[in-house]
Amino acid sequence: MLLKLITQTPITESLDFLIEEGNKDKPANMYVSGVYMVAEEKNRNNRIYSADEMAKEVQRYNEEFVAKSRALGELEHPQSATVNSERACHLITELKMDGNKVIGKSKVLRTPMGEVMRSLIQDGVKMGMSSRALGQLKEKDGINHVENMKLIAIDAVADPSAPGAFVNGILESKAFVLKQDGRFEEVYDIFEEKLSSLPRKDVDLYLREQIIRFINAIK
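On a predicted model such as this, the values are computed, not experimentally measured, just so you know. (Residues numbered from 1 in each chain as written. Predicted model: local features only at pLDDT ≥ 70, side-chain atom pairs only at ≥ 80, totals over all residues. Heavy atoms only, no water.)

## Quick word on the overall build of the protein
Right, on to step 1. When you go through the protein residue by residue, the secondary structure sums to 5 helices and 11 strands.
Right, on to step 2. Out of the 219 residues belonging to the protein, those deemed buried represent 39%.
Right, on to step 3. Of the accessible surface of the protein, which amounts to about 12300 Å², a share of 50% is contributed by carbon and sulfur atoms. (Helix = DSSP H or I, 4+ residues; strand = E, 2+ residues; numbered from the N terminus. Buried < 20%, exposed > 50% of the residue type's maximum accessible area, 1.4 Å probe, protein only. Areas by Shrake-Rupley, 256 points an atom, 1.4 Å probe, with all protein chains shown as cover.)

Here it is in structure tokens:
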């Protein structure tokens, strides 16, 4: 199964934030909350996410990540289908469906990227959340419908209501496959490994096959 790395930034107001009172024994914590994802509405990238599929994925993500305090998000989107803990800025503590919207709450971490996020918010920068997921795109009536969605993370981004898909390009041109052990592997890594193991006489044929496959995948 070939999956594309896709993102969604809801066009909404910036996140609400709350700073708990701290003392000498317990430093103050900052929490943010707001709309994290939206279903059944065409987004700026001409895509629609199914509410039923998004609800199932939110349930899975809650069970596997939120409930286990593993739901980390990074500051701005990386070009990866994994989460780098060194770049984590927030930890999702709540995630739930509310109609066609996914409402979330996060604790801003005391990591270097978390401190950057905290400073941006306190200085009045508009921050929002943007999902990072893998999925397949099926075109219907000129609109891409997302299928087989696999939520990777929900990242914090600056200026979420800016026009245009500012995280497109290299990020969404990447493709991944699901391995038997449940991990996602970038197509390029598989291609490079396969190429190095082929006899020289088979390289040209393999390259032609992969070029055709790539062209078909991005149509």
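## Describing the packing of aromatic side chains
Right, on to step 1. Evaluation of the coordinates by the stated rule reveals 1 aromatic pair.
Right, on to step 2. Ring geometry for Tyr61 against Phe65: centres 4.9 Å apart, planes inclined by 20 degrees, an arrangement best described as stacked. With a gap of 4 residues between them, Tyr61 and Phe65 both fall in helix α1 (residues 51–66), about one helical turn apart.
Right, on to step 3. Residue class for Phe65 comes out buried when judged on its relative accessible area of 18%.
Right, on to step 4. The ring centre of Tyr31 lies 4.9 Å from the NZ or CZ of Lys105, which sits over that ring. (Phe/Tyr/Trp six-rings, centres within 6.5 Å; stacked < 30°, edge-to-face > 60°. Lys NZ or Arg CZ within 6 Å of the ring centre and 35° of its normal.)

## Digging into the pairing of strand β7 (residues 101–108)
Right, on to step 1. Judged by which residues are buried, β7 turns out to be one-sided: Val102, Gly104, Ser106 and Val108 face inward and are buried, whereas Lys101, Ile103, Lys105 and Lys107, on the alternate face, are not.
Right, on to step 2. Note: strand β3 (residues 30–38) against β7, 7 bridges, orientation antiparallel. By the bridge assignment, Val35 is partnered in β7 with Ile103.
Right, on to step 3. Pairing analysis gives 8 bridges linking strand β6 (residues 88–98) to β7, with the strands arranged antiparallel. Within β7, the residue paired with Leu91 across the bridge is Lys107.
Right, on to step 4. The loop that links β6 with its antiparallel partner β7 comprises 2 residues; one of these, Gly99, has a positive phi angle of about 70 degrees. (Pairing = 2+ DSSP bridges.)

## Quick notes on unusual backbone geometry
One can expect most non-glycine residues to show negative phi and most peptide bonds to be in trans.
Right, on to step 1. The phi dihedral of Ser69 is positive, around 55 degrees, even though this residue is not glycine.
Right, on to step 2. Tracing the backbone through its elements, the reader meets Ser69 in the loop between α1 and β5 (72–74).
Right, on to step 3. On the basis of relative accessible area, Ser69 is assigned to the exposed category, the value being 53%.

## Section: α1
A turn of α-helix holds 3.6 residues, and therefore any two residues three or four places apart point the same way.
Right, on to step 1. For α1, spanning 16 residues, the distance from its first C-alpha to its last is only 20 Å, which falls clearly below the expected 22 Å at 1.5 Å a residue.
Right, on to step 2. Along α1, the residues classified as buried are Ala51, Met54, Glu57, Val58, Tyr61, Phe65 and Val66. Down the axis, α1 shows its buried residues gathered within 120 degrees of arc, on one side only. Structural note: α1 exposes Asp52 and Lys56 on the side pointing more than 90 degrees away from its buried face.
Right, on to step 3. Measuring from the side-chain oxygen of the N-cap residue of α1 to the backbone nitrogen of Asp52 gives 3.3 Å; that N-cap residue is Ser50. (Expected span 1.5 Å × (residues − 1). Arc of directions from axis to C-beta. Polar contact = N/O pair within 3.5 Å; in protein donor to acceptor, adjacent residues only side chain to side chain.)

## Regarding the pairing of β3
Right, on to step 1. Among the 9 residues in β3, 8 count as buried, and that is most of the element.
Right, on to step 2. As judged from the 4 bridges shared by strand β2 (residues 16–19) and β3, these two strands associate in the antiparallel manner. Among the inter-strand pairings, Leu18 is bridged to a residue of β3, identified as Tyr31.

## Describing the nonpolar core
Right, on to step 1. In this structure, Leu95 and Met117 are the most contacted members of the largest nonpolar core, which totals 32 residues.
Right, on to step 2. Taken together, the elements giving at least two residues each to this core come down to β3, α1, β6, β7, α2 (112–122), β8 (127–140) and β9 (143–158).
Right, on to step 3. Looking at which element gives the most residues to this core, the answer is α1, with 6 residues.
Right, on to step 4. The residues contacting Met117, other than those within four sequence positions of it, are Val32, Leu75, Cys89, His90, Val108, Met127, Met129 and Ala156.
Right, on to step 5. Counting residues in each nonpolar core, the second largest holds 5 residues, with Leu5, Ala81, Ile152 and Ala153 among its members. (Core = buried A, V, L, I, M, F, W, Y, C linked by side-chain atoms within 4.5 Å. Contact = heavy atoms within 4.5 Å.)

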